[in-house]
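# Fold and geometry: a report
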Amino acid sequence: MPAPLDFSYDALAGRVVFGAGSRRGVGGELDRLGASRALLIAGRAESAPVAELIGALGSRVVGRFDDIAQHVPVDRAEQARRQARDLDADCTITVGGGSATGFGKAIALTERLPQIAIPTTYAGSEMTPIWGLTTGARKLTGNDPAVQPRVVIYDPELTLTLPPRVAGPSGMNALAHAVEALYAPGANPVISLLALEAARVLCGALPRVVAAPADLEARTEAFYGTYLAACALAVSGTALHHKTCHVLGGLFNLDHGGMNAVVLPHALAYNAPAISGVYGRLGAVLGGDPAEVVFDLARTIDAPASLAALGMPEEGIDRAVAAVVDEASANIRRPDADSIRELLLDAYHGRRPRADRRGG
Ligand SMILES: NC(=O)c1ccc[n+]([C@@H]2O[C@H](COP(=O)([O-])OP(=O)(O)OC[C@H]3O[C@@H](n4cnc5c(N)ncnc54)[C@H](O)[C@@H]3O)[C@@H](O)[C@H]2O)c1
């Protein structure tokens, strides 16, 4: 069946600077924004790029927030916002993975400060208007154009230090963006082109990144795939896979990249009966049954093999089922409690996504 050609598409604005060494242009990007009092947001581990940045920008960096945690706990977001206000910052510069980017977004959400994002993982948050905050055991997400970074600097050299155990799962997160962009609620034919190319590039680059972490060409390709996938996510939104990861992240504080590697093959297999056209196109790009290829890729790059390996308690499956069914109610194949329990059990045990589980 040909892809339907009736769609609406709000292309997202934002400036992207891509290339090895591009981080050195951050001063010029500040000038373009008309900003001179940047709050630098980066975790304590990101000391090398931070020292370089502070050396280059001098007094234009007025402070640093480093109390980064995954899933942006709301109390820490409040601290970061207070620091931005106290310092009279006029922009944020975030250096790091999706967690650091998420803190810049949390500040933008309430303080309306423009953000220059310098990502160092493949999470892709930097291209999206999606924010996330965790309060108690619940992750809240929302969509606000004000939180989309105004400038994104993709410098693949900054990813050279990303160890394979982080790079692989983080890349699976990027791949999940590409995959779900093909059938999430905002999918359109233009975005599908980006998503399919992203999936192709990522599946080719990630095994090379993990096998040879110093391979700058592979790192560059993986980052390019990340960028394309994140553009697709930003427009299409998310479906069952990401809703499941958000529920599990909120309930059990599991590593985000690891969850992506474990859950994606099962979410894809579950959706397969409802997305046969897209499933076929993705299979043509990936060279096989998509759920199987994605499962095998996760093994090749040595990503966590199961939710159990990520530390989820088995009794947590029952706690998660109702929340996933609720959060993913708009998924293209409507979830029900029995199917989601089965999906979570498969993911918990790290089983292969079997064809006989893909019944409609
Ligand atoms: N809003 C969105 O659109 C969106 C999209 C994707 C992910 N996210 C969010 O992003 C978060 C996950 O992001 P993540 O997977 O990048 O994890 P992360 O930002 O927590 O980083 C993981 C680890 O890698 C380290 N690290 C980062 N870059 C490094 C580098 N170049 N070298 C060495 N170590 C490095 C960090 O210090 C950290 O310990 C989650 O909270 C997720 O919900 C949001």
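Residues numbered from 1 in each chain as written. Predicted model: local features only at pLDDT ≥ 70, side-chain atom pairs only at ≥ 80, totals over all residues.

### Considering the domain arrangement of the protein chain
Domain parsing of the protein chain yields domain 1 (15-159) and domain 2 (164-357). On a C-alpha basis, the centroid separation for the pair domain 1 and domain 2 is 25 Å. Of the residues lining the interface, 23 residues belong to domain 1; the matching set on domain 2 comes to 23 residues. Of all the secondary structure elements, the ones that give two or more residues to the side of domain 1 that touches domain 2 are strand E1 (15-18) and strand E7 (138-143). Ranked by residues supplied to the side of domain 1 that touches domain 2, first place goes to E7 with 3 residues. (Domains from an automatic or database assignment. Contact = placed C-beta atoms within 7 Å. Helix = DSSP H or I, 4+ residues; strand = E, 2+ residues; numbered from the N terminus.)

### Quick notes on helix H11 (residues 290-300)
Three or more residues of H11 are buried, namely Pro 290, Ala 291, Val 294, Phe 295, Leu 297 and Ala 298. Here the buried residues of H11 occupy an arc of 160 degrees about the axis, which is enough to place them on one side. Where H11 is buried, its residues contact helix H5 (164-181), helix H6 (189-211), helix H9 (256-271) and helix H10 (276-286). Directly beyond the C-terminal end of H11, a positive phi value near 60 degrees is found at Asp 302. (Buried ≥ 20, exposed ≤ 12 C-beta atoms within 10 Å, placed from the backbone. Arc of directions from axis to C-beta.)

### Regarding the pairing of strand E8 (residues 151-154)
Burial of E8 is two-sided: the residues Val 151 and Ile 153 facing one way and the residues Val 152 and Tyr 154 facing the other way are all buried. In this structure, strand E5 (residues 115-119) lies alongside E8, joined through 2 bridges in parallel fashion. Following the sheet pairing, Ala 117 is matched in E8 by Val 152. (Pairing = 2+ DSSP bridges.)

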